Amino acid sequence: MTKDLLGRPQNKYALIDCNSFYASCEVVFRPDLEDKPVVVLSNNDGCVIAGNKKAKELGFKMGTPFFKMKSVMQKQEVAVFSSNYALYASLSQRIMALLRQYGSAIEVYSIDEAFLDLTNTEETTGIGALIRDNIKSQTGVPVAVGIGSTKTLAKLANHIAKKDPNFPGVCELTSYEADRKCIAHWPIDELWGIGRQHCKSLQEHNVFTIGSFMDLPEAYIKKKWHAPVWRIYKELQGVRCHTFKERPPAKQGIGTARTFAQPVNDWAKLKEIMCGFVASVTEKLRKQNSLTQQISVFVMTDKHREQNHYYGSEKIKLDVPTDDTAVLIKAMLFLLKKVFKERHNYKKAGVHLTKITPNHSFQQTLNKVHNVNEVEKKHQLLGTLDRINRRYGKNTLVFASQRLAARQPFEMKQENKSRKFTTNINEIAFVL
DNA sequence: TCTGGGGTCCTAGGACCC
DNA sequence: TCTGGGGTCCTAGGACCC
């Protein structure tokens, strides 16, 4: 096995990334749109968050507000979809399940990306091509495969596989040194971890390409920039700094927030929406077997158009770590009363759990309460609640305080939503 | 009058990712 | 009229302790 600069055995990672994932998912069920521009919008049809190649060629930038481009898009006959996360999640699961067959381990990095461990695989470039072809033929979603001895190289290889016609969907890199020719000319901000700010500061030092970055002495990089930049430098040399994480680490913070299509000024309505948020974050908390010891809330008016913009947030530390929805709803309401001010139109609000610790068979709670049976009963009740909601759908069982919001979720603007082709039998696709 | 220094913990804010 | 949501990591600086 080859060694890296530190003498450690070298790994081989593949990064599989779906091309324009959300847009590709929509096209799977609308093959007539294959060669037409397609974009997908964020919640509330607020921003454009995904677009296929055709849409990008027309110059539509991801992240811009939809209303600014709406009329131009209509003129150019762009197919516009509201986001349909249930559909994308279900396609994602199918892709991840297929990928598992090709590597010894998988790290699902995001809804449309995964790293595969190919360390003990021969013929990796060939396997990459097989992955590309099989995912496309079995799900309809086009992917690119980048292979490298570090995650940073795999990411860069993936980018090259997508952009450089010499590498049709698959690219393999060993190190900067070995592959200088096909790496050096790329602009610095194509690197994973170099965003707007780092790019600007590197450019101020006359670094515009990966080649000029790698030509700098290591000591200079260390002196001028922070640790993350130096790590990118090492990873490009083939020295592993980012480890492979087969099991996702427990989240350190769990939050949820929404922008409302119609601003809310009514206490009762806001209260019920927020109770729904607490139910949703505590379910995620229990799913990762954790407890929280701090909850925070925030509410805000529309910063873009309210003269008298208001942002209020409060947090509270709990005496005992908990995963109990009822306890957290009570704490949330205490905080919400503090931040809620009459005569404001709230445009966005959210709940956040922090100070999260593992729930080692809820022993900590048992030690601090008198009635062990009560805790045991509550634990079973919440477990049952989660199982029912997972089995029969979100909000099948809800707490009384979230009643209204659960039955009648606050209106989200979704004017162009596709059907739940894969997750709802009533909306299944027909082949005629 | 002279006003140390090192360690730890916490938090806020910046930068980045998808 | 209409501007998303959910995360991670790092660092500087304050508070506190001995």
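Residues numbered from 1 in each chain as written. Chains lettered and ligands numbered in written order. Predicted model: local features only at pLDDT ≥ 70, side-chain atom pairs only at ≥ 80, totals over all residues. Heavy atoms only, no water.

- Per an unreviewed UniProt entry, the recorded name for chain A is Y-family DNA polymerase, and the organism is Flammeovirga aprica JL-4.
- The heading Sequence similarities (unreviewed entry) in the UniProt record of chain A holds the text "Belongs to the DNA polymerase type-Y family." (UniProt positions renumbered as here; feature names shortened; annotations may be inferred.)

### Considerations on the packing of aromatic side chains
And then number 1: Counted under the stated rule, the structure contains 15 aromatic pairs.
And then number 2: A ring pair is formed by Phe29 and Phe421, whose centres lie 4.2 Å apart and whose planes are at 5°; its orientation type is stacked. Of this pair, Phe29 sits in the loop between helix 1 (21-28) and strand 2 (38-41) while Phe421 sits in the segment after helix 16 (403-407), placing them 392 residues apart in sequence.
And then number 3: The class for Phe29 is partly exposed, based on a relative accessible area of 21%.
And then number 4: Owing to a relative accessible area of 11%, Phe421 belongs among the buried residues under this scheme.
And then number 5: Taking 6.1 Å as the distance between ring centres and 85° as the angle between the ring planes, the aromatic pair formed by Tyr85 and Tyr88 counts as edge-to-face. In this pair, Tyr85 and Tyr88 both sit in helix 4 (residues 85-99), three residues apart, roughly one turn of the helix.
And then number 6: Taken together, the ring pairs connect Phe21, Tyr22, Tyr85 and Tyr88 into an aromatic cluster.
And then number 7: Sitting above the plane of the Phe115 ring, Lys151 keeps its charged end 4.8 Å from the centroid.
And then number 8: Lying across the ring of Trp230, Lys222 places its NZ or CZ 4.8 Å from the centre. (Phe/Tyr/Trp six-rings, centres within 6.5 Å; stacked < 30°, edge-to-face > 60°. Helix = DSSP H or I, 4+ residues; strand = E, 2+ residues; numbered from the N terminus. Buried < 20%, exposed > 50% of the residue type's maximum accessible area, 1.4 Å probe, protein only. Lys NZ or Arg CZ within 6 Å of the ring centre and 35° of its normal.)

### Points about a nonpolar patch on the surface
And then number 1: Where nonpolar side chains cluster on the molecular surface, the patch consists of Ile425, Ile428 and Phe430 and spans about 360 Å² of accessible area.
And then number 2: With respect to the helices and strands, the residue Ile428 is situated in the segment after helix 16.
And then number 3: Residue class for Ile428 comes out partly exposed when judged on its relative accessible area of 35%. (Patch = residues over 30% accessible without salt bridge, like charges linked within 9 Å, V, L, I, M, F, W, Y side chains within 5 Å. Areas by Shrake-Rupley, 256 points an atom, 1.4 Å probe, with all protein chains shown as cover. Salt bridge = Lys/Arg side-chain N within 4 Å of Asp/Glu carboxyl O.)

### Some details on the pattern of salt bridges
And then number 1: This model, assessed by the stated rule, comprises 13 salt bridges.
And then number 2: With a shortest N-O distance of 3.0 Å, Asp4 and Arg8 are connected by a salt bridge.
And then number 3: Owing to a relative accessible area of 8%, Asp4 belongs among the buried residues under this scheme.
And then number 4: Under the relative-accessibility criterion, Arg8 is labelled partly exposed at 27%.
And then number 5: Close ionic contact of Glu107 with Lys151 constitutes a salt bridge, the shortest N to O distance being 2.6 Å. Placement of the pair is Glu107 in strand 5 (residues 105-110) and Lys151 in helix 6 (residues 151-163), with a sequence separation of 44 residues.
And then number 6: Look at Lys151 and you get buried, because its relative accessible area is 2%.

### Things to note about the protein's contact with DNA strand B
And then number 1: Every one of the 15 residues lining DNA strand B counts as a neighbour, but Ser110, Lys155, Gly193, Gln197 and His198 are closest to it.
And then number 2: Counted by atom, the contact set of DNA strand B within 4 Å of the protein is 100% sugar and phosphate.
And then number 3: At a separation of 3.1 Å, a phosphate oxygen of DNA strand B approaches a polar backbone atom of Gly195.
And then number 4: Measuring from a phosphate oxygen of DNA strand B, one finds a backbone N or O atom of Gln197 at 3.0 Å.
And then number 5: Take the surface near DNA strand B: its biggest share by element is three residues, from helix 8 (residues 196-204).
And then number 6: For the surface near DNA strand B, the residue count by class is four nonpolar, five polar and six charged. (Near = heavy atom within 4 Å. Polar contact = N/O pair within 3.5 Å; in protein donor to acceptor, adjacent residues only side chain to side chain. Nonpolar A, V, L, I, M, F, W, Y, C, P; charged D, E, K, R; others polar.)

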